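# A closer look at the structure
Letter by letter, the chains look like this.
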Amino acid sequence: MVDQAELAKRLRQETSGEVMTDSASRGRYATDASIYQAMPVAVFVPKTAQDIASAIQIAGELGVPVLPRGGGTSQCGQTTGAALVIDNTKYFRNVLDLNLDKGYVEVEPGIVLDHLNGSLKQHGLWYPVDVSTAGQATIGGMAGNNSCGSRSIAYGNMVHNVLGIDAWLADGQVAQFGNYANSSGAAKQLGDFVKGLAHTLTPEIEAHFPKVLRRVAGYNLDIFNPQSELPYTQDGSVNLAHLLVGSEGTLAYFKSLKLKLAPLPQHKVLGIVNFASFYKAMDSAQHIVKLGPTAVELVDRTMIDLARSNPSFKKTIETALIDHTAQTPEAILLVEFSGEAHAPLLEKLKALQELMSDLGLPGSVVAMPDASLQKNLWEVRKAGLNIMMSLKGDGKPVSFIEDCAVPLESLADYTQALTDVFAKYGSRGTWYAHASVGTLHVRPILDMRRDGAQKMRAVAEEASALVRKYKGAYSGEHGDGLCRGEWISWQFGQKITEALAEIKHAFDPKGLFNPGKIVNPPKMDDSINFRFPPSYKVIPLQPALDWSAWNVQNDPVTEETTAPGTGGDPALGLAKAVEMCNNNGHCRKFDAEVMCPSYRVTRDEKHLTRGRANTLRLALSNQLDIKDESSPLGSDAIKEVMELCVSCKACRRECPTGVDMAKMKIEFLSAYKKRVGHSLRDLAIAYLPKYAGTISNTPFLPSLLNLRNHITVIAKIQEWVMGISAQRSLPVWKGKTFWNQKAKGSYQYTPEQLANNGDGKGVVLLADTFNAYFEDENLQAALKVLKAAGYRVHIPHKSQQKQNQSQIDKTNSCSKEFCCGRTYLAAGMVDKAKENLGELVDHLAPYADKHIPIIGLEPSCLFTLKDEALVMGFGERAVRVSKQAQLLEEFLASEAKAGKLKIQLKAADKPVLFHGHCHQKSFAAVTPAMELLKLIPNAEPKLIESSCCGMAGSFGYEAEHIEVSKLMAEASLLPSIRKSPDSWVVADGTSCRHQIADGTQREAVHIARILGAHL
């Protein structure tokens, strides 16, 4: 019996690392991107190499297995196990040595591939094992799995690009694995042992080791007698590090890895071949590779159609099609050529076109010499796997035979035969990946909660027979883990399988490192290891929002889903929405877009979309130690993971499977606040739209309240009483607001009055709380711009709506302004938000029915109409309103594009920086803003590449979050602004502008103001 308490006690006493033993923390490390789950004994996050050495020693003494973990994105269950899981990614991720003359770099195993390549780019070098998960895959994990990548035809697999590994053995000593001829100590002894085994087993190795490049099963016993079409080393020498590559953490624990670097290609061109027949695409690959491409990648019709249905990918994927108005091709092949000069590559493109003509397909190639178009298309290809995983319902594409690699001449026949196998078992697969090397990823759609395991076994057995028939490799890229481990003996035979066990025992006599992988693996369909075993049950509950769109089932052949609400989820769709997280780890990225801001500054798994989704799933299925709490959603375990979620909505757009954590946070807040009650701060924020008018209209009260920003002691008292940070300035109250300066009737039109002219010049402009009471100059500027362009403007206001009920108005003490309910949602008051938002939707619906644009200035308010309003039970009227709702810049940019915007703008006299609000980014509204700013002559607007600004509504004002808020802002936003001291800074979010003002002492303006200033 493992003594968890003693393990944790010793780790805390003898190391400086972070130790976690609670069920929620362990649960976040219980899964990877596979179908498997195993609860760790404990989780350890080391800060130093000595921490790892000590942890291995302590675990060994207590008999606890050790499981090293990188990004946790393995697709076969390699990083799941009842062990001490050690997370290398937070601290153990440094470059140790870079030798430009000899072309190598030495790194710690937790470094992410994209981060490494980002640092190498300035030297004109890269590490060329370019896996599609490069934004989250760590070098240690890639070496553990012997990863490959799109360009392995040119550069080889991971094993061909590792020069040396220093690693801890099970007895705690560090051994240096490198060139065998120069080796010494423990590494030499182990090398000698393996050499003896290999010599004895020469006939078996030559008979059973696949000859294809893509073979990653078992251990590389053939390093002394290489069997692959690409030898392990160029000079024929033996490198003992290659024994560890592909060993899945079962032989030793990597301390550092020495990697072979390659020059960055100076030029690339792409030829995209369109095929009306999938078989023809597969059959053509063997001829195309003779032209010497660096990559030949397949995308099939299903994936093209899925990409076309996704607004993020539609335009890009259509650049790859010969005719995007015609029927979608059955497949396309992305054929890349790269080199030092551009002209010879254009000749290669011509040769590709000629080849396709010779093969009977003239005019089938889209030539793409443009680098930016190529980059965008490769991004869609990289997203392919996750596009597939976005299918709603319990049936999901399951990874278990996707890595089979066969010789190119057999590729077409193999894929056809396997398609027939899927059909036999009532499923079908989506194909993609590496046609250049005969590895085609395919995942049949199976329901692992019902009959998926039986079908998985049946399909695997028939697929293995095909692989044997075509002399291929059953495990060709993603490793063995739990889903392919049992097939090692099938691939290699009994003698080699026994030799692999001997290697494991020689390296790791106690079986300390990642047991149950490669040697003595379980059956692939042992349900005890499944994430969704037969015992999996969701707790019945009534969510605050409508999740019925997720509560569906799907057809594994047509992928059609049943009607919303028919999926049988006891949580009415919420659990199924949470379960969409397949642990692909895309949220761990740093270098692009927004997701996930809290992870970027903490590097903690719990502050990550994936970590939150896993915790929610475990809570909703009663797998956490939640005691005496009325709702699993409102528990302290969920509070811990939601604490730093800033509701940026980035995951809504950027998560490939569509996990919408911002809405899930609303569910948490609703449940949690019902359990613990609302604080004074909650009430002050939630009811701001109700009392803002009273404060502004009370003589001297605004000035009195504004003293808080100038007298430190008042700010300190407020922090003590309400938890609002004294380090923050608060929005400035005004006596003169938009409402008390303007005659409300001057902007009041009925829908008929706005629509009747037939000139399309009627619009609705929303006066939100923030821009009406605190920054009314933005509303005035918007009106100025709209009027200058000839638009008639209606501004919603309840007193006009109810003019026939003036008596009711007089007795109604509530605010006369409409409100989107955003502040109530931030406090978990969903019912109050529905009440306010419902009134606004009712008012706007008649305008929407007349197709009148509904324009907003504050992104968080406007996009509430396009997002939360659709899941609050308002029905079709909310959908109609959402279709007309748009930001000012979206409206004006579309009018300009249509040639309808009549507006004269003078030239800018200084550069313009633009920061996009998170919700703008989530709803693809940044591009229109940039297009609009380009209408100002000489403006040359530049987009600040940043994640969340860190204010996120009230988040940045809260005393307990002030430091994290500042870290988010300092990640890229504030430094970018400081580097451009003489520019306009444009930011549409009121909280973004506030963060910029506090952090740089610069004024940021709404886009309406910069337009107004240049009229």
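Rules behind the numbers
- Residues numbered from 1 in each chain as written.
- Predicted model: local features only at pLDDT ≥ 70, side-chain atom pairs only at ≥ 80, totals over all residues.
- Heavy atoms only, no water.
- Helix = DSSP H or I, 4+ residues; strand = E, 2+ residues; numbered from the N terminus.
- Rg over C-alpha atoms; globule rule 2.2 N^0.38 Å.
- Contact = heavy atoms within 4.5 Å.
- Lys, Arg positive; Asp, Glu negative; His and termini not counted.
- Charge placed at Lys NZ, Arg CZ, Asp CG, Glu CD.
- Salt bridge = Lys/Arg side-chain N within 4 Å of Asp/Glu carboxyl O.
- Buried < 20%, exposed > 50% of the residue type's maximum accessible area, 1.4 Å probe, protein only.
- Pairing = 2+ DSSP bridges.
- Phe/Tyr/Trp six-rings, centres within 6.5 Å; stacked < 30°, edge-to-face > 60°.
- Lys NZ or Arg CZ within 6 Å of the ring centre and 35° of its normal.
- Axes fitted to C-alpha atoms, helices over the stretch in contact; angles between N-to-C directions.
- Parallel < 35°, antiparallel > 145°, perpendicular 65-115°, else oblique.
- Left-handed = near helix turned anticlockwise from the far one by under 90°.
- Nonpolar A, V, L, I, M, F, W, Y, C, P; charged D, E, K, R; others polar.
- pLDDT = per-residue confidence, 0-100.
- Core = buried A, V, L, I, M, F, W, Y, C linked by side-chain atoms within 4.5 Å.

## Topic: the overall build of the protein chain
- Helices and strands together make up the secondary structure of the protein chain, namely 46 helices and 25 strands.
- In summary, the protein chain has a C-alpha radius of gyration of 30 Å against a globular reference of 31 Å for 1015 residues, a match within 12%.
- For the C-alpha atoms alone, the extent of the protein chain along its principal axes is close to 100 × 70 × 55 Å.
- A sequence separation of at least 24 residues applies to 73% of the contacts in the protein chain between residues at least 6 apart.
- Charge centroids of the protein chain, computed over 110 positive and 109 negative side chains, lie 5 Å from each other.

## Thoughts on the pattern of salt bridges
- Under the definition given, this model contains 57 salt bridges.
- Two residues, Glu-336 and Arg-151, come together in a salt bridge whose shortest N-O distance is 2.7 Å. Of this pair, Glu-336 sits in strand 14 (residues 331-339) while Arg-151 sits in the loop between helix 5 (139-145) and helix 6 (152-155), and the two are 185 residues apart along the sequence. By the burial criterion, Glu-336 is buried, and Arg-151 matches it.
- Among the ionic pairs, Asp-867 bridges to Lys-649, the shortest N-O distance being 2.9 Å.

## So, the pairing of strand 18 (residues 439-447)
- Most of strand 18 is tucked away, with nine of its nine residues classed as buried.
- Of the two faces of strand 18, the one carrying Thr-439, His-441, Arg-443, Ile-445 and Asp-447 and the one carrying Leu-440, Val-442, Pro-444 and Leu-446 are both buried.
- Where strand 16 (residues 395-397) lies against strand 18, three bridges are found, and the strand directions are antiparallel. Within strand 18, the residue paired with Lys-396 across the bridge is Leu-446.

## Some remarks on the packing of aromatic side chains
- The full count for this structure, using the stated rule, is 22 aromatic pairs.
- Taking 5.4 Å as the distance between ring centres and 90° as the angle between the ring planes, the aromatic pair formed by Tyr-687 and Tyr-824 counts as edge-to-face. Placement of the pair is Tyr-687 in the loop between helix 26 (680-686) and helix 27 (688-697) and Tyr-824 in helix 36 (residues 822-826), with a sequence separation of 137 residues.
- Among the aromatic residues, those joined into a ring-pair cluster are Phe-92, Trp-168 and Tyr-253.
- Just above the ring of Trp-126 sits the side chain of Lys-268; from NZ or CZ to the centre is 5.8 Å.
- When the ring centre of Tyr-791 is taken as reference, the NZ or CZ atom of Lys-761 above it lies at 4.1 Å.

## Topic: the packing of helix 10 (residues 278-288) against helix 13 (residues 343-358)
- Contact geometry for helix 10 and helix 13: axes closest at 11 Å, N-to-C directions at 130°. In terms of orientation, helix 10 and helix 13 fall into the oblique class. For the element pair helix 10 and helix 13, the recorded crossing hand is right-handed. Facing Ser-284, His-287 and Ile-288 of helix 10, the residues of helix 13 in contact are Leu-352, Leu-355 and Met-356.
- Class assignment of the residues belonging to the contact of helix 10 with helix 13 gives a composition of four nonpolar, two polar and no charged.

## Comments concerning the packing of helix 33 (residues 776-788) against helix 40 (residues 888-897)
- One way to put it is that helix 33 packs onto helix 40 with a least axis distance of 12 Å and a crossing angle of 15°. Between helix 33 and helix 40, the crossing angle belongs to the class labelled roughly parallel. Remark: the crossing between helix 33 and helix 40 carries left-handed chirality. Counted together, Ala-782, Val-785 and Leu-786 of helix 33 and Leu-888, Phe-891 and Leu-892 of helix 40 form the full contact between these two elements.

## What about the sheet that holds strand 24 (residues 942-943)?
- The strand order across the open sheet formed by three strands is 24-23-25, and the pairing between neighbours is parallel. Edge strands, defined here as strands with exactly one partner in the open sheet, are strand 24 and strand 25 (984-987).
- Relative to strand 24, strand 23 (residues 912-915) runs parallel, the two being bridged by two bridges. Residue pairing for strand 24: Phe-914 is matched across the bridge by Leu-943.
- Along the sheet face, helix 42 (residues 926-933) touches strand 23 and strand 24 and points at about 165° away from the line of strand 23.

## Details of the confidence of the model for the protein chain
- Per-residue confidence for the protein chain gives a mean pLDDT of 93; residues scoring 70 or more make up 98%.
- With pLDDT under 50 throughout, residues 803-814 is counted as low confidence; its partners more than four residues away or in other chains account for six contacts.

## Focus: the nonpolar core
- In terms of nonpolar packing, the biggest core is built from 138 residues, with Met-664, Leu-765, Leu-786 and Leu-865 touching the most fellow members.
- Looking at this core, the element that brings in the most residues is helix 37 (residues 830-849), giving nine residues.
- Those residues in contact with Leu-786 that lie beyond four places of it in its chain are Val-763, Leu-765, Tyr-791, Val-793, Ile-855, Leu-888, Phe-891 and Leu-892.
- Of all hydrophobic cores here, the second largest spans 59 residues; its members include Leu-125, Leu-221, Leu-244 and Ile-518.

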